[in-house]
Amino acid sequence: MSVDWLAILLMISMVGGRPEADPADGRNHRTSGPVQASSMAFVSHDSSSSYLDSLREILGPETISPQTKTLKLKLSLPTGMKFNRLYPFSLKLLSSDTLAVKIEKSGYSFAGKSFNIPIRAAAGRAVIYIDIDAGYCEIDNESRCYVSKTAAALLVTVSDKGGEAFETTLKLGEKR
């Protein structure tokens with residue numbers, strides 16, 4: 001792990017992840033609303049701090065090329081579980097450096113347990129913050145349901161030496 005990534009990890013653990021938005025800077029830090037990716041998935045780009053920041057899992061580092069166009073985010077449920085389609089599912093994404101990795105605001109697709117998230121990449125480094133709220137139930141007993149609130153920080157370097165495949169898996173909740 002390079003010294004730069006170590007510094008980022010230390011900053012994340014000390015200040016809880018992302019910088020607070022400064023309303024005095026004149027920029028609109030929220031989008032006009034969530035972007036619907038499917039009937040069960042909502043995606044937003046929110047720069048305010050998450051209540052999950054203290055629990056954020058650090059993923060990576062990943063090295064991708066500037067030609068990479070999609071982040072494939074796979075979701076893993078505990079064995080014997082399935083998504084609860086009655087529980088609102090939300091996915092929040094934020095890039096710490098939109099010049100290195102810009103997360104597009106449209107064009108998402110959801111299939112099975114995977115999101116395909118369109119991105120634009122250029123040489124540099126970024127941390128992609130991922131927050132997920134999901135409900136899931138036992139396959140054999142749909143009256144036994146759980147809620148998972150998962151947060152991760154994916155460390156990304158964009159360089160010509162990187163690969164075009166950009167894929168990560170997040171494990172949601174534990175069966176209790």
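As the structure is a prediction and not an experimental result, all values here were calculated from the model. (Residues numbered from 1 in each chain as written. Predicted model: local features only at pLDDT ≥ 70, side-chain atom pairs only at ≥ 80, totals over all residues. Heavy atoms only, no water.)

1. Concerning the pairing of strand 9 (residues 114-121)
Under the convention used in this document: Partly exposed describes any residue whose relative accessible area lies between the buried limit of under 20% and the exposed limit of over 50%, with all areas from a 1.4 Å probe on protein chains only and scaled to the type maximum. For the purposes of this entry, the term helix denotes a DSSP run of H or I that reaches at least four residues, the term strand denotes a run of E that reaches at least two, and both are numbered from the N terminus. At least two bridges found by DSSP between two strands are what make those strands a pair.
Here strand 9 lies mainly inside the structure; six of its eight residues are buried. Pairing of strand 4 (residues 70-76) with strand 9, which is carried by five bridges, proceeds in the antiparallel orientation. By the bridge assignment, Leu73 is partnered in strand 9 with Phe115. The pairing of strand 8 (residues 109-111) with strand 9 spans three bridges and is classified as antiparallel. Bridge pairing links Phe110 to Phe115 in strand 9. Between strand 8 and the antiparallel strand that follows it, strand 9, lie two residues; Gly112 among them carries a positive phi value of about 60°.

2. What about the pattern of salt bridges?
As a reminder of what qualifies: What makes a salt bridge here is a side-chain nitrogen of Lys or Arg within 4 Å of a carboxyl oxygen of Asp or Glu, nothing more.
Under the definition given, this model contains six salt bridges. Taking the shortest distance from any N to any O, the salt bridge between Lys82 and Glu142 comes out at 2.4 Å. Here the residue Lys82 occupies a position in strand 5 (residues 81-83), and Glu142 occupies one in the loop between strand 10 (124-138) and strand 11 (145-158), the gap between them amounting to 60 residues. Of the charged contacts, one joins Lys149 and Asp133 as a salt bridge, the two residues approaching to 3.8 Å between their closest N and O atoms. Here Lys149, found in strand 11, pairs with Asp133, found in strand 10; they are 16 residues apart in sequence, far enough to count as distant. Take Lys149: its relative accessible area is 41%, and that puts it in the partly exposed class. For Asp133, a relative accessible area of 17% puts it in the buried group.

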